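Structural characterization, general
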Amino acid sequence: MEDMEIDGTEAQPYVLIETGNLPITVGNRPIYTNGRYISKPAPIPLKSTKTGVVYDRRMRYHANIHEEEHHPEDPSRISSIQTTFKAAGCLEKMVLINAREVTKDEVRLVHTDEHWDFVAKTSALSEAQLGKVADDYNSIYVNKETALSARLSCGGVIELCKAVARGDVTNGFANVRPPGHHAEINEPMGFCFFNNVAVAAQCLKRDLKIEKVFILDWDIHHGNGTQKAFYNDPNVVYCSIHRYDNANFYPGDPQAGHTYVGGGQAKGKTINIPWPRPGMRDSDYIYAFNKVVMPIAYEFDPDIVIVSAGFDAAEGDPIGENHVTPSAFGHMTHMLKSLAAGKLVLALEGGYNLDSISNSALACVKVLLGEHPAKLGPIKPSQECVETIYQVIRVQSRYWSCLKPVYIDSTE
Ligand code: X5A
Ligand code: ZN
C-alpha cells in the first residue's frame, strides 16, 4: 500500500489525531482510520492577543504649585512608568489607546452636575483662589490645568475599557493621573477628582451593554468613592484589599471594614479585605487572592475585570509601608487574566515611590503581554492575614456558595 492510494492526495507527515475512532498506524505511514487517511490538519491559528496602553503627557500638567514641599502625587509618576515600559521594550509591543476628555454626560453617571461644574470652573481661578479651593477639601491640590488632566485621566480609562470590552484589544494598562477611587459623588478627595474606574464601569454598562463588572482595588487605600458608587448595584462587584488599621489609615472610615458587604439586592457585592497593620507581604496578598478574591470572582463570572491598580502597597512606598513585590503584582494580574475571557484593564491609582511603581507596573504589563509572572517563594501568610481572611469569609459566606464550609466533623 502506497501513500497515494485512497483519496489520491499525497500523505502529509504523520500526526496523531483524536477522531473518536481508533487510529491505525503502520510503521511510519499515515494514520488510517475508518476508511480514510487523515493528513496533517492546517495549523489552528492562535487568536492573537493585543495589549492596550493609555498615556497622554497632558496628564502631567496637573501639579502642585502651592506647597514648597514635594507632593507625592507628582507628574513624574506617569512619565516614569511610561519610560520604564519603553526601556523594557514593552511599549512597542502595545497598542496606544488615545486618551480623550471625559464628557459631562459620562461623568454624570457617577457624579453630580455640581461636581462637574466645580471641577470645570477651577481652570478660571486665580492662584490665590486655587489655594483656597485645595484647603476647602480633603487632601487635594489644584492648578489651572487640573480639570484638563482629570478629564483626560477619566476619558483615558473609559477608552481603554471600551477597547477591551469590544475586543479591539484583549487587555491593557491605563497609565493615568490624577487617580480616581477616592473621588466622591459630589467632591474631590485624596488626590482624586473624577472616579475614573467607576465612570468607566458605568459607561460599559450604558454604551456597550456589559452586564457584570468585577472591580478589584489593590491600592493600599480603600476606594471609598468606588464602594459608594456601586454599593447597591448587584451587577458590579467592588473588592478592595487595603490597609485599615482599625479605621486609622486614610481615608479613615469604618466603611472600609469587612462588615460592609453591600446593600439591598447587592449584599455580598462589596468585599472589603482590611489589613489591621502595615507591613503586609506577597504571601498575604496571594493568600487573599486564593481564599477570597478568585473564588468570588469565578462565582460572579464577570464580563470584564477592572483593577484600581495603585502601587502604594509596593515594597518601598513611603505611604503604604507594605512590601508587595513586582512578582506578586504579576501573579495577581495573571490570576485575574483567567476571568472574563481575559478581558482585563489595569488603571493606575496611587503609588508614590517612582522606582516601585514603575517596576510593579512593568511586571503587570509583561504578564498582560503574555509573559509568565516571575517565581514567588512559598506562600506563608501572616497571622494577621489569616485572621482577616477568616473574618471576611465569615461575613461573605452568606452570599457566596464558594465560601461555604463543605465538611465539618463535630468530633474533631
Ligand atoms: C489615590 C491615593 C491617597 C491619599 C492620601 C491622603 N490617594 N493622605 O493613593
Ligand atoms: Zn492609594
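Notes on the structure in this doc start here. No experiment lies behind these values; they were computed from the predicted model shown.

1. What to know about the site of ligand 1
Around ligand 1, the structure places Ser139, Pro179, His181, His182, Gly190, Phe191, Asp219, His221, Tyr250, Asp312, Gly350 and Tyr352. His182 places a polar side-chain atom, nitrogen or oxygen, 3.3 Å from a nitrogen atom of ligand 1. At 3.1 Å, a backbone N or O of Gly190 approaches a nitrogen atom of ligand 1. Relative to its unbound accessible area of 310 Å², ligand 1 is 88% covered by the protein chains.

2. Digging into the coordination of the zinc ion (ligand 2)
Distances from the zinc ion (ligand 2) to its protein donors, Asp219 (OD), Asp219 (OD), His221 (ND1) and Asp312 (OD), fall at 2.0 to 2.7 Å. Each donor residue of the zinc ion (ligand 2) belongs to the same chain, and together they define the spacing D-x1-H-x90-D. Placement of His221 in the loop between strand E6 (213-217) and helix H7 (224-229) and of Asp312 in the loop between strand E9 (304-309) and helix H9 (326-337) is noted, with a sequence separation of 91 residues between them. Of the residues examined, His221 reaches a relative accessible area of 6% and is grouped as buried. Asp312 sits in the buried class, given a relative accessible area of 0%.

3. Section: the nonpolar core
Counting residues in each nonpolar core, the largest one holds 109 residues, and the members touching the most others are Phe214, Trp218, Ile273, Phe289, Phe311 and Leu336. With 12 residues, helix H5 (residues 146-166) is the single largest residue contributor to this core. Beyond its immediate stretch of four places on either side in the chain, Phe311 contacts Phe173, Trp218, Asp317, Phe329, Leu348, Gly350, Gly351, Ile357, Ser360, Ala361 and Cys364.

4. Examining helix H10 (residues 354-368)
Between its first and last C-alpha atoms H10 spans 21 Å; for 15 residues at 1.5 Å apiece the expected length is 21 Å, and the two agree. Most of H10 is tucked away, with 11 of its 15 residues classed as buried. Taken together, the buried positions of H10 are occupied by Ser356, Ile357, Ser358, Ser360, Ala361, Leu362, Ala363, Cys364, Val365, Val367 and Leu368. Taken from the residues just after H10, Gly370 is the one with a positive phi, measuring 110°.

5. A look at the sheet that holds strand E8 (residues 270-275)
Spatially, the 8 strands line up as an open sheet ordered E4-E3-E5-E10-E9-E6-E7-E8, and their pairing is parallel. Only two strands of the sheet have a single neighbouring strand rather than two, namely strand E4 (95-97) and E8. For this sheet, the mean angle separating the axes of adjacent strands, direction not counted, is 15°. Note that E6 and E9 share 5 bridges and pair parallel. Residue pairing for E9: Leu216 is matched across the bridge by Val307. Taken strand by strand, helix H6 (residues 196-207) contacts E6, strand E7 (236-243), E9 and strand E10 (344-348), and its axis lies near 170° from that of E9.

Reading guide: rules and limits
- Residues numbered from 1 in each chain as written.
- Chains lettered and ligands numbered in written order.
- Predicted model: local features only at pLDDT ≥ 70, side-chain atom pairs only at ≥ 80, totals over all residues.
- Heavy atoms only, no water.
- Near = heavy atom within 4 Å.
- Polar contact = N/O pair within 3.5 Å; in protein donor to acceptor, adjacent residues only side chain to side chain.
- Areas by Shrake-Rupley, 256 points an atom, 1.4 Å probe, with all protein chains shown as cover.
- Donors = N, O, S within 2.8 Å, 3.2 Å for Na, K, Ca; no water.
- Helix = DSSP H or I, 4+ residues; strand = E, 2+ residues; numbered from the N terminus.
- Buried < 20%, exposed > 50% of the residue type's maximum accessible area, 1.4 Å probe, protein only.
- Core = buried A, V, L, I, M, F, W, Y, C linked by side-chain atoms within 4.5 Å.
- Contact = heavy atoms within 4.5 Å.
- Expected span 1.5 Å × (residues − 1).
- Pairing = 2+ DSSP bridges.
- Axes fitted to C-alpha atoms, helices over the stretch in contact; angles between N-to-C directions.

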